[in-house]
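# Summary of structural features
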Amino acid sequence: MRLVALGWMPLAVARAVLAALRGRLGALCWSLAPPSLSLPLPSLRRVPAPGPAAPRRQQEWDDAAPTPTSVNYHFTRQCNYKCGFCFHTARTSFVLPLEEAKRGLAMLKEAGMEKINFSGGEPFLQDRGEFVGKLVQFCKQELKLPSVSIVSNGSLIRERWFKKYGEYLDILAISCDSFDEDVNVLIGRGQGKKNHVENLHKLREWCREYAVAFKINSVINRFNVEEDMNEQIKALSPVRWKVFQCLLIEGENTGEDALREAEKFVISDEDFEKFLDRHKDVSCLVPESNQKMRDSYLILDEYMRFLNCRNGRKEPSKSILDVGVEAAIKVSGFDEQMFLKRGGKYVWSKADMKLDW
């Protein structure tokens, strides 16, 4: 009665409602509290005042780890070519044991991976292609990934590999920067008497025979920027022709501790656009500017560390084998929106491609 006289009724009603919601224990605590005590409400979430600050839920979304939908696993840095602009050079000879690599791939699948791309270095150097073949088979047969692909210079691939592993591979991408063999030698793709372009055509036929989608990757640089590749690309008819602008990465192909000096290969944005315009009628053309490349690829190195390229060099996370995918990917620098914007997700399973093998 005294509380009512003092004007405490509204507060008492509010406290009674809160106490009921918190359960009997809460109600008992409230009933024992002195009338003059202003008790804190720790479990209540304060509604943010209007203004520029983001709501807590939005912040949680912003802090959420991106999904590793498509991953590029550079499991080796070793290569038999010496391309002058290479931005993943042979700084180590380390390759994970096969079972450890499989464990990491299974973790990525659990985290949402749909496509894996094996790269290097040159992936067919390790155990004469058996290592990458076993990984391809594991990813398709055991993990049931929709898309499994390889990027290779093609010089070490033999038909017997297709016979053994071709059914498990969705896409084979062959790097070819020029259809002039002298230019290939200047770039660093020359290998004695072997002809890179002739080998490219042979691989195209094997892909058709063994039902593997054929793709071409080209790095546009100072030595090939004036070249007209329309006729050759149309004749080879790849499912995709990925055209990259030559990219500088500190510590890889530029800088004091780099194994390459790619500055002489660099072209301007304007020159890159002129090359694209010259080939605009090639329906399979997929352009990749420096900005798109730097932020929109999930790159996993030989230790299964994500490489953050946003600052112009490759800054590694901790290995997913040690800290898990979610913790590692949060520092990967991966721009998921740019990945989608550049068309990173496409029809990438050969089961869904309407191809004339």
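Residues numbered from 1 in each chain as written. Predicted model: local features only at pLDDT ≥ 70, side-chain atom pairs only at ≥ 80, totals over all residues. Heavy atoms only, no water.

### Quick word on the nonpolar core
Counted only if it meets this: Buried Ala, Val, Leu, Ile, Met, Phe, Trp, Tyr and Cys residues that are joined via side-chain atoms within 4.5 Å together make up what is termed a nonpolar core. Exposed residues in this analysis have more than 50% of their type's maximum accessible area, buried residues have under 20%, and partly exposed residues fall in between, with area computed by a 1.4 Å probe over protein chains only. Working definition: helices are DSSP H or I runs of at least four residues, strands are E runs of at least two. Numbering for both runs from the N terminus. The contact rule is simple, with two residues in contact once any of their heavy atoms fall within 4.5 Å.
One finds Y73, L105, I116, F118 and W241 to be the most contacted residues of the largest nonpolar core, which totals 66 residues. Per element, the largest residue contribution to this core is six residues, and it comes from helix α6 (residues 130-142). Non-local contacts of I116, meaning those with residues more than four positions away in its chain, are made with V71, Y73, L105, C139, L145, S147, V148 and S149. Counting 17 residues, the second largest nonpolar core, distinct from the first, contains F85, V183, Y297 and I299.

### Here's the deal with the packing of aromatic side chains
Keep this limit in mind: Put simply, two rings from Phe, Tyr or Trp (the six-membered ring, in Trp's case) pair if the centres are within 6.5 Å, and we call them stacked under 30 degrees between planes, edge-to-face over 60, tilted for the rest. Distance and angle both matter: a charge sits over a ring if NZ of Lys or CZ of Arg is within 6 Å of the ring centre and within 35 degrees of the ring normal.
Per the counting criterion, the structure on display carries 15 aromatic pairs. Counting every residue linked through ring pairs, the aromatic cluster contains F124, W161, F162, Y165, W206 and Y210. Residue placement shows R240 over the ring face of Y346; its charged tip is 3.6 Å from the ring centre. Against the face of Y297 rests R342, its NZ or CZ located 3.9 Å from the ring centre.

### Quick word on the pairing of strand β1 (residues 70-74)
The line we're drawing: Strand pairing requires that DSSP identify at least two bridges connecting the strands. Here, the term right-handed applies to a crossover whose path from the first strand over the helix to the second runs clockwise when the strands point away from the viewer.
Counted residue by residue, β1 has five buried out of five residues, so it is predominantly covered. Of the two faces of β1, both are covered, the one formed by S70, N72 and H74 as well as the one formed by V71 and Y73. Note that β1 and strand β2 (residues 115-119) share five bridges and pair parallel. By the bridge assignment for β2, N72 is matched with N117. Handedness of the crossover joining β1 and β2 through helix α5 (residues 98-110): right-handed. Bridge count between β1 and strand β8 (residues 299-300): two bridges; the pairing is parallel. Bridge pairing in β8 places N72 opposite I299.

### What to know about the side chain of N221
Mapped onto the elements, N221 comes out in the loop between β5 (213-220) and α10 (230-236). The buried category is assigned to N221, whose relative accessible area is 0%. Excluding anything up to four places from it in sequence, N221 contacts F85, I187, C246, F265 and I267.

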